[in-house]
Amino acid sequence: MVTLSIIKADTGGFVGHSAVHPDMMSAAQDALSTAVGDRLLLDGKAASCGDDLSLIMTHEHGADAEEVHSFAWDVFLQTTEIAKRLGLYGAGQDLLSDAFSGNLRGMGPGYAELEFTERPSEPVVCFLADKTEPGAWNLPLYKMFADPFNTAGLVIDAKMHAGFQFEVYDLYEEKRIWFDCPRELYEMLMFIGAPARYVIHSVESKTLHEQAVATSTQRLSLIAGKYVGKDDPVMIVRCQSGLPALGEVLEPFAFAYTAGGCMRGSHHAPMMPVSVADAHPARFDGPPRVVALGFQIHEGKLIGPRDLFDDPSFDRVRAQTNEVMDYLRRHGPFEPHRLPLEDLEYTTMAELEKRLAERWQAMPEAAVPAPR
Ligand code: 13P
Ligand code: 13P
Ligand code: MG
Ligand code: MG
Ligand code: MG
Ligand code: MG
Ligand code: MG
């Protein structure tokens, strides 16, 4: 069995929240190469999207392994030091704890990990996003694994016809449920259509009994109890041979769907699929970016990456994203650009309610609906 882990954190932005500094990237890659030399990892690649640094690693320690998580934590401490030395913005932003104990749960970094027996050919896509929340993967995952208008294989591939099981987390109540699709599509949509709360955590093939997807589902604000930056999730998707083909996995991103995030984590904005070179959200700290790094995993090695959205066939969605962004931006502080009050990552509302409490008066009686 091999485990593919993406462990990510924002340990400082260059400039503002727009990118990871090249010195941090090279320190992370050096640490990964050393860990491969020391045989902790089979392979390791540093990658970034916006101000979030991802460690993409293969190893044989399974998910939640102490040695892998503590290695990642140490790398993030090291890149935080670089960020401090250069005066970068929000040095150590996502490191919410002072001391590592066992694994990264509740410590701030996000992670998606998937353990599997390597197939003769093992194509995977590592998706990295910035300026959005973990529920941002719900819509594309639904399309990849449940929508025959996206994924032809659901109709014409005998190994896909039986469908997929979706594991959905309720992040507010810390519960989870499995939906059997297509049988329970409509039930599932009721939940995953509310992505601030319900998040797809994994997907499994009913025919192959193979896990195809792992997402990072940590919500930073639920851990910290206050706004400390957006979650900026990652996701692993295995492709082909009874799973969606590579092109079926990428196709949902040809639509500029909106997600919560962008400026101050508090606005709906469209998801823009971009090449690594363009993964630097700047306009209104957005629009949220997603990169897709394709690998063939062979004998545990990460053959790649291929920068999959570096492709003119995604030019049109990028143009659409800019149009949607223009349209939403003109709403300024109004919904639906600004998130509803309960989803705002930070707010002056509590203070305003207190300060203005005395000034609220009863409405004129004529304006009050008559009792029934
Ligand atoms: P498999 O070879 O993975 O079955 O898929 C066919 C394919 O690549 C179609 O796009
Ligand atoms: P990050 O989570 O990417 O640091 O974004 C923070 C923010 O508030 C951007 O406006
Ligand atoms: Mg940041
Ligand atoms: Mg970020
Ligand atoms: Mg963040
Ligand atoms: Mg082929
Ligand atoms: Mg083929």
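Residues numbered from 1 in each chain as written. Chains lettered and ligands numbered in written order. Predicted model: local features only at pLDDT ≥ 70, side-chain atom pairs only at ≥ 80, totals over all residues. Heavy atoms only, no water.

## Comments concerning the domain arrangement of the chain
(1) Moving on: The domain boundaries assigned to the chain delineate domain 1 (1-117) and domain 2 (120-348).
(2) Moving on: Placing a centre on the C-alpha atoms of domain 1 and another on those of domain 2 gives a separation of 21 Å.
(3) Moving on: Between domain 1 and domain 2, the residue contacts involve 34 residues of the former and 39 residues of the latter.
(4) Moving on: In this assembly, domain 1 packs against domain 2 so that about 2,800 Å² is buried in total across both faces, 67% of it on carbon and sulfur atoms.
(5) Moving on: The three residues of domain 1 that bury the most area against domain 2 are Cys49, Leu114 and Phe116, which together make up 20% of that side's buried surface.
(6) Moving on: Seen at the junction of domain 1 and domain 2, the total is one salt bridge. (Domains from an automatic or database assignment. Contact = heavy atoms within 4.5 Å. Buried area = accessible area lost by both parts, 1.4 Å probe. Salt bridge = Lys/Arg side-chain N within 4 Å of Asp/Glu carboxyl O.)

## Observations regarding the site of ligand 2
(1) Moving on: Lining the immediate surroundings of ligand 2 are 14 residues, of which Gln93, Lys131, Tyr227, Lys230 and Asp285 lie closest.
(2) Moving on: Taking aspartate 51, its side chain carries an N or O atom lying 3.0 Å from an oxygen atom of ligand 2.
(3) Moving on: One nitrogen or oxygen atom from the side chain of aspartate 285 is found 2.5 Å from an oxygen atom belonging to ligand 2.
(4) Moving on: Tallied by class, the residues present in the shell around ligand 2 amount to three nonpolar, three polar and eight charged.
(5) Moving on: A domain-level breakdown of the shell around ligand 2 finds at least three residues from each of domain 1 (1-117) and domain 2 (120-348). (Near = heavy atom within 4 Å. Polar contact = N/O pair within 3.5 Å; in protein donor to acceptor, adjacent residues only side chain to side chain. Nonpolar A, V, L, I, M, F, W, Y, C, P; charged D, E, K, R; others polar.)

## Brief notes about the UniProt feature "binding site: Mg(2+) 3" (unreviewed entry) in the chain
(1) Moving on: If you check UniProt for "binding site: Mg(2+) 3" (unreviewed entry), the listed places come out as Lys230, Asp231 and Asp232 in our numbering. Lining residues of the largest cavity drawn from the annotated set just named are Asp231 and Asp232.
(2) Moving on: Residues contacting lysine 230, with those up to four places away along its chain left out, are Lys131, Thr132, Glu133, Leu220, Gly260, Gly261, Gly265 and Glu345.
(3) Moving on: A distance of 2.9 Å separates the side chain of lysine 230 from the backbone oxygen of glycine 265, its partner in a polar contact. (UniProt positions renumbered as here; feature names shortened; annotations may be inferred. 1 Å grid on protein atoms, 1.4 Å probe; cavity = no way out; pocket = protein on both sides within 12 Å on 5 of 7 lines; lining within 4 Å.)

## Comments concerning the sheet that holds strand E4 (residues 110-116)
(1) Moving on: Strand order in the open sheet formed by four strands is E2-E3-E1-E4, with antiparallel pairing between adjacent strands. With one partner strand each, in any of the chains shown, strand E2 (43-49) and E4 form the two edges of the open sheet. Taken pair by pair, the neighbouring strands of this sheet meet at an average axis angle of 15°, ignoring direction.
(2) Moving on: Examined bridge by bridge, E2 and strand E3 (residues 52-59) share seven bridges and lie antiparallel to one another. Counted as the bridge partner of cysteine 49 is aspartate 52 from E3.
(3) Moving on: Helix-sheet contacts for helix H1 (residues 22-37) involve E2 and E3, and the interaxial angle to E2 is about 160°.
(4) Moving on: Running over the sheet, helix H2 (residues 66-85) touches strand E1 (2-9), E3 and E4 and is turned about 150° from E3. (Pairing = 2+ DSSP bridges. Helix = DSSP H or I, 4+ residues; strand = E, 2+ residues; numbered from the N terminus. Axes fitted to C-alpha atoms, helices over the stretch in contact; angles between N-to-C directions.)

## Quick word on the UniProt feature "binding site: Mg(2+) 4" (unreviewed entry) in the chain
(1) Moving on: Summarizing the sequence annotation, UniProt attributes the feature "binding site: Mg(2+) 4" (unreviewed entry) to Asp231 in the numbering used throughout.
(2) Moving on: For aspartate 231, the position within the fold is in the loop between helix H6 (220-224) and strand E10 (234-238).
(3) Moving on: On the basis of relative accessible area, aspartate 231 is assigned to the buried category, the value being 7%.
(4) Moving on: Ignoring sequence-local partners within four residues, the contact set of aspartate 231 consists of Lys8, Thr132, Glu133, Pro134, Gln218, Arg219, Leu220 and Ser221. (Buried < 20%, exposed > 50% of the residue type's maximum accessible area, 1.4 Å probe, protein only.)

## What about the coordination of the magnesium ion (ligand 3)?
(1) Moving on: Note on the magnesium ion (ligand 3): its protein donors are Asp10 (OD), His17 (ND1) and Asp51 (OD). The metal-donor distances range over 2.0 to 2.2 Å.
(2) Moving on: Counting the intervening residues between successive donors of the magnesium ion (ligand 3) yields the motif D-x6-H-x33-D.
(3) Moving on: Distance-wise, the magnesium ion (ligand 4) is placed 4.5 Å from the magnesium ion (ligand 3), both being coordinated by aspartate 51. Within this pair, whereas histidine 17 is found in the loop between E1 and H1, its partner aspartate 51 is found in the loop between E2 and E3, the two being separated by 34 residues in sequence.
(4) Moving on: The exposure class of histidine 17 is partly exposed, given its relative accessible area of 24%. (Donors = N, O, S within 2.8 Å, 3.2 Å for Na, K, Ca; no water.)

## Quick word on the site of ligand 1
(1) Moving on: For ligand 1, the full set of nearby residues is Gln240, Ser241 and Ala245.
(2) Moving on: Serine 241 places a main-chain nitrogen or oxygen 2.6 Å from an oxygen atom of ligand 1.
(3) Moving on: Taken by itself ligand 1 offers 310 Å² of open surface, and the protein chains cover 38% of this. (Areas by Shrake-Rupley, 256 points an atom, 1.4 Å probe, with all protein chains shown as cover.)

## Let's talk about the coordination of the magnesium ion (ligand 4)
(1) Moving on: Donor atoms from the polypeptide that coordinate the magnesium ion (ligand 4) comprise Asp51 (OD), Asp52 (OD), Asp130 (OD) and Asp232 (OD), at 2.0 to 2.2 Å from the metal.
(2) Moving on: Read N to C, the donor residues that coordinate the magnesium ion (ligand 4) are spaced as D-D-x77-D-x101-D.

## Some words on the nonpolar core
Grouped burial of nonpolar side chains is what soluble globular proteins tend to show.
(1) Moving on: Counting residues in hydrophobic clusters, the biggest one holds 42 residues, and the most contacted among them are Phe127, Met144, Phe145, Phe166, Met235 and Phe253.
(2) Moving on: With sequence-adjacent residues up to four places away left out, phenylalanine 166 is seen in contact with Leu141, Tyr142, Phe145, Ala146, Ile177, Trp178, Phe179, Cys181, Met188, Ile200, Ser202 and Val203.
(3) Moving on: Formed by 29 residues, the second largest nonpolar core is a distinct cluster that contains Val20, Ala35, Leu55 and Tyr111. (Core = buried A, V, L, I, M, F, W, Y, C linked by side-chain atoms within 4.5 Å.)

## Topic: the packing of H1 against H2
(1) Moving on: It is the contact of H1 with H2, at a shortest axis distance of 9 Å, that shows an interaxial angle of 150°. In terms of axis orientation, H1 runs roughly antiparallel to H2. Seen along the crossing, H1 lies across H2 with a hand that is right-handed. For the pair H1 and H2, contact is made by Asp23, Met24, Ala27, Ala28, Ala31, Leu32 and Ala35 and by Phe71, Val75, Gln78, Thr79, Ile82 and Ala83, respectively. (Parallel < 35°, antiparallel > 145°, perpendicular 65-115°, else oblique. Left-handed = near helix turned anticlockwise from the far one by under 90°.)

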